[in-house]
Amino acid sequence: MSKSYGQVGQLSDSTSRLNHIQKNGVLRIGIPSDYAPFAIIKGDSLSGADIRLGRALASAMGVKPVFVKTSWANLAKDMQSDAFDIALGGISITPERAALASFSISYHSGGKTFLCRRTDSARFSTVEAVNNPGVRLIENKGGTNEAVARSLFSTAVLQIYPDNIGIFNEIVAGRADVMVTDDTEADLKALQYPQLCRSLPGTITKSDKALWIQPGAALVSFVNNWLQKELAAGTLQQWLKEAMLPVN
């Protein structure tokens, strides 16, 4: 079946994207899928707070969720090529992304902090200590972690890792020293890896997480109305809390 979308995600006729989704019975959801506790893939299994969010949103629309794997490096390109209707998985609101497509209201607020080996926690407790030519700073490719590292830590030796899964073992093994990442992820990884810890109690930036949505006023309105109700009920907060629990 051919799609009726244009090059940058606009419908080519008078049909709204929301109507198109409901008519076809499918909500295409883009996920980088390597960012716990929001979205993570292991084999054929998807888990995380945003996976539950995506499934619940599709159910509210009366359609089937179809998850489309993307990456942080290809996220913007895939949005522009209309590979999905919405994207989620811990996506931060940035001006660059907002210029390409719409964002929902935010459902989580946080910021960047430091993750390092527990034995180095005192060493990497300040921005100045990390922004040092003797520090090996490691970041996953293509996301806001890399952008913040390049912007604020240009003096450190930056290592780019291809994904946001194996990167933590690089720090554990001593092949890298510290990572700039979201506070939520830092707290989770400190639970999952006893050798790691968050070395900065606060954050060095502030950012909000939201759903990234293809152009379409009706679709954005539907998503925002649904999100407001779920946030008021505490549902999304509970999903994130449960996703932060250590797995036995």
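For the structure itself, consult the block above.
Residues numbered from 1 in each chain as written. Predicted model: local features only at pLDDT ≥ 70, side-chain atom pairs only at ≥ 80, totals over all residues. Heavy atoms only, no water.

J.: Sorry, what's going on with the sheet that holds strand β4 (residues 45-47) here?
T.: Two orientations exist for strands paired in a sheet by backbone hydrogen bonds: parallel and antiparallel. With antiparallel pairing, three strands are arranged side by side in an open sheet as β2-β3-β4. A strand with exactly one partner marks an edge of an open sheet, and here the two such strands are β2 (34-35) and β4. Pairing of β2 with strand β3 (residues 39-42), which is carried by two bridges, proceeds in the antiparallel orientation. Bridge pairing in β3 links Tyr35 to Ala39. (Pairing = 2+ DSSP bridges. Helix = DSSP H or I, 4+ residues; strand = E, 2+ residues; numbered from the N terminus.)

J.: Can you help me understand the packing of helix α9 (residues 217-233) against helix α10 (residues 235-243) in this one?
T.: Geometrically, a packed helix pair is captured by the angle between its two axes and the distance between the axes. In the contact formed by α9 and α10, the axes pass within 5 Å of each other and the chain directions differ by 65°. In terms of orientation, α9 and α10 fall into the roughly perpendicular class. Packed against α9, whose contacting residues are Leu227, Glu230, Leu231 and Ala233, the element α10 presents Thr235, Leu236 and Gln237 at the interface. (Axes fitted to C-alpha atoms, helices over the stretch in contact; angles between N-to-C directions. Parallel < 35°, antiparallel > 145°, perpendicular 65-115°, else oblique. Contact = heavy atoms within 4.5 Å.)

J.: What's the story with the side chain of Asp34 in this structure? I'm lost.
T.: Among the structural elements, Asp34 can be located in strand β2. No salt bridge forms around the buried Asp34; measuring N to O, its nearest opposite-charge neighbour Lys69 is 8.0 Å away. Within polar-contact distance, the side chain of Asp34 engages the side chain of Trp72 at 2.8 Å. Contacts of Asp34, omitting those with residues within four sequence positions, involve Ala39, Ile40, Trp72, Asp163, Asn164, Ile165 and Glu185. (Buried < 20%, exposed > 50% of the residue type's maximum accessible area, 1.4 Å probe, protein only. Lys, Arg positive; Asp, Glu negative; His and termini not counted. Salt bridge = Lys/Arg side-chain N within 4 Å of Asp/Glu carboxyl O. Polar contact = N/O pair within 3.5 Å; in protein donor to acceptor, adjacent residues only side chain to side chain.)

J.: Please explain empty space enclosed by the protein as it appears in this structure.
T.: One way to see where empty space is left: roll a probe the size of a water molecule over the atoms. As enumerated under the stated definition, the model contains two cavities of 30 Å³ or more in all. For the largest cavity, the calculated volume is near 110 Å³. In the lining of the largest cavity, the residues fall into two nonpolar, eight polar and five charged. Its volume calculated, the second largest cavity comes out at about 30 Å³. Forming the walls of the second largest cavity are Tyr35, His108, Ser109, Gly110, Gly111, Asp182, Asp183, Thr184, Ser207 and Lys209. Of all the secondary structure elements, the ones that give two or more residues to the lining of the second largest cavity are β8 (108-110), α8 (183-192) and β14 (207-209). It is β8 that provides the largest number of residues to the lining of the second largest cavity, a total of three residues. Grouping the constituent residues of the lining of the second largest cavity by class yields one nonpolar, six polar and three charged. (1 Å grid on protein atoms, 1.4 Å probe; cavity = no way out; pocket = protein on both sides within 12 Å on 5 of 7 lines; lining within 4 Å. Points joined across faces, edges and corners; volume = space filled by probe spheres on them. Nonpolar A, V, L, I, M, F, W, Y, C, P; charged D, E, K, R; others polar.)

J.: Please explain the environment of Asn225 as it appears in this structure.
T.: Of note, Asn225 is situated in helix α9. A relative accessible area of 39% means that Asn225 is categorised as partly exposed. Linking Asn225 and Ile105, residues 120 residues apart in sequence, is a C-alpha distance of 9.3 Å.

J.: How should I be thinking about the layout of surface pockets in this particular structure?
T.: For the largest pocket, the calculated volume is near 480 Å³. Along its surface, the largest pocket is lined by 27 residues, and Ala36, Ile40, Lys42, Ser47 and Gln192 are the ones closest to its centre. Elements supplying a minimum of two residues to the lining of the largest pocket: β2, β3, β4, α2 (49-61), α8 and α10. A per-class count over the lining of the largest pocket returns 16 nonpolar, four polar and seven charged. Lining the second largest pocket are 21 residues, with Thr94, Glu96, Arg97, Thr144 and Ala147 positioned closest to its centre. Looking at the lining of the second largest pocket, the elements that each hand over two or more residues are α3 (75-80), α4 (95-98) and α6 (144-152).

J.: Before we go on, may I ask you to explain the state of the cysteines in this structure?
T.: Here, the word disulfide means a covalent bond between the sulfur atoms of two cysteines. Applying the stated criterion to the full structure yields zero disulfides. Note on Cys197: no disulfide assigned, nearest cysteine sulfur contributed by Cys116 at a separation of 4.3 Å. In this structure Cys197 comes out as buried when scored by relative accessible area, which is 7%. (Disulfide = S-S within 2.5 Å.)

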